[in-house]
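# An overview of the molecular structure
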Amino acid sequence: GAGVSQSPSNKVTEKGKDVELRCDPISGHTALYWYRQSLGQGLEFLIYFQGNSAPDKSGLPSDRFSAERTGGSVSTLTIQRTQQEDSAVYLCASSLILPRPNEQFFGPGTRLTVL
Amino acid sequence: AQSVTQPDIHITVSEGASLELRCNYSYGATPYLFWYVQSPGQGLQLLLKYFSGDTLVQGIKGFEAEFKRSQSSFNLRKPSVHWSDAAEYFCAVGLNYGGSQGNLIFGKGTKLSVKP
């Protein structure tokens, strides 16, 4: 079956521009997560969606970062006024909602390069 | 605070040799533990998970891991490594928000190289 998909796979942008990263989760997965993977920092949690609401936004590094999810499915991560330190691979994951931590299925990621 | 430590940044083993990747966690509640593998340019794939019960868990690709509560460890093992196992391995703990699931906390990863 279809896994988690992300687009674009690569994005090169200039400092100061806005970017949008898209995630299509596995059908039926109510939980959706965004992580950032950068050299030396490992995988950092950004935001968690349960349905269309985000009970945990604690990982968003600044107010330049925002995310939304519509229809309980597709999610968009937006970075405004990009900075060079935003360069990283942005990973999306989805999972079923269970009353305990559960396996998360990851997409291939979007590699963002800010020049 | 919750954390996961993978002490080895990079390990090189010979093909056919045994492998053990170390993982230590710090978490106040019942830990839900995971090992993921990431091949170059790929997303993360789940190797195995521990929720409760038997402390030795089996995963895909011949991997296993043993949960040791007294040592706060969840080490990954494989008896005989194949060249295709070269990848980066991540240990993670799943956060449990009062009975509702949360995000994963990852270690910084161990890169495995395999010598022919």
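In short, a report on the structure.

Conventions we followed
Every chain's residues receive numbers from 1 upward, in the order its sequence appears when written. Throughout, the order in which chains and ligands are written sets their labels, letters from A for the former and numbers from 1 for the latter. Selection of residues for local features in this predicted model requires a pLDDT of at least 70, selection of side-chain atom pairs for listing and counting requires 80 or more, and totals for whole chains, interfaces and linings are taken over all residues. Water and hydrogen atoms were dropped before computing side-chain values, which therefore reflect all heavy atoms in the structure. Buried residues of nine kinds, namely Ala, Val, Leu, Ile, Met, Phe, Trp, Tyr and Cys, make up a nonpolar core once their side-chain atoms join them within 4.5 Å. Note on classification: 1.4 Å probe, protein chains only; a residue is buried when its accessible area is under 20% of the maximum for its type, exposed when over 50%, partly exposed between these limits. Counting from the N terminus, the helices are the DSSP runs of H or I reaching at least four residues and the strands are the DSSP runs of E reaching at least two. Between any two strands, pairing holds if DSSP finds at least two bridges. Comment: axis = line fitted to C-alpha atoms, over the contacting stretch for helices; angle = value between 0 and 180 degrees taken between N-to-C directions.

### Considerations on the nonpolar core
For soluble globular proteins, the rule of thumb is that nonpolar side chains tend to be buried together. With 28 residues, the main nonpolar core has B:Leu19, B:Trp35, B:Leu47, B:Leu48, B:Phe74, B:Leu76 and B:Tyr89 as its most contacted residues. Among the elements that make up this core, the one with the highest residue count is strand E10 (residues 87-97) of chain B (5 residues). Judged by nonpolar contacts, the second largest core, of 20 residues, contains A:Ala31, A:Phe45, B:Leu44 and B:Phe90.

### Notes on unusual backbone geometry
Note the cis peptide between A:Ser7 and A:Pro8, where omega equals -10°. Within the secondary structure, A:Pro8 is located in the loop between strand E1 (5-7) and strand E2 (10-13). Positive phi is not limited to glycine here, since B:Lys61 has a value of about 60°. What makes B:Lys61 partly exposed here is its relative accessible area of 45%. Unlike most non-glycine residues, B:Ser72 shows phi in positive territory, near 50°. On the secondary structure map, B:Ser72 appears in the loop between strand E8 (64-68) and strand E9 (73-78).

### A short note on the sheet that holds strand E8 (residues 75-79) of chain A
All names here are of chain A. Here we have 4 strands laid out as an open sheet, ordered E1-E3-E8-E7, and antiparallel in their pairing. Whereas interior strands pair on both sides, the edge strands pair on one side only; in this sheet they are E1 and strand E7 (65-69). On average, each strand axis in the sheet is inclined to that of its neighbour by 15°, with strand direction left out of account. In terms of strand pairing, E7 meets E8 through 5 bridges, oriented antiparallel. Directly across from Glu68, in E8, lies its bridge partner Thr76.

### Remarks on the pairing of E9(B)
When a strand is regular, its side chains alternate between the sheet's two faces. Residues and elements named next belong to chain B. Burial analysis of E9 places 5 of its 6 residues in the buried class, the great majority of the element. Sheet analysis places strand E3 (residues 19-21) next to E9, joined by 3 bridges and oriented antiparallel. Bridging from a neighbouring strand, Leu21 pairs with Leu76 of E9. Pairing of E8 with E9 involves 5 bridges; the strand directions are antiparallel. When the sheet's bridge partners are listed, Glu66 is paired in E9 with Asn75.

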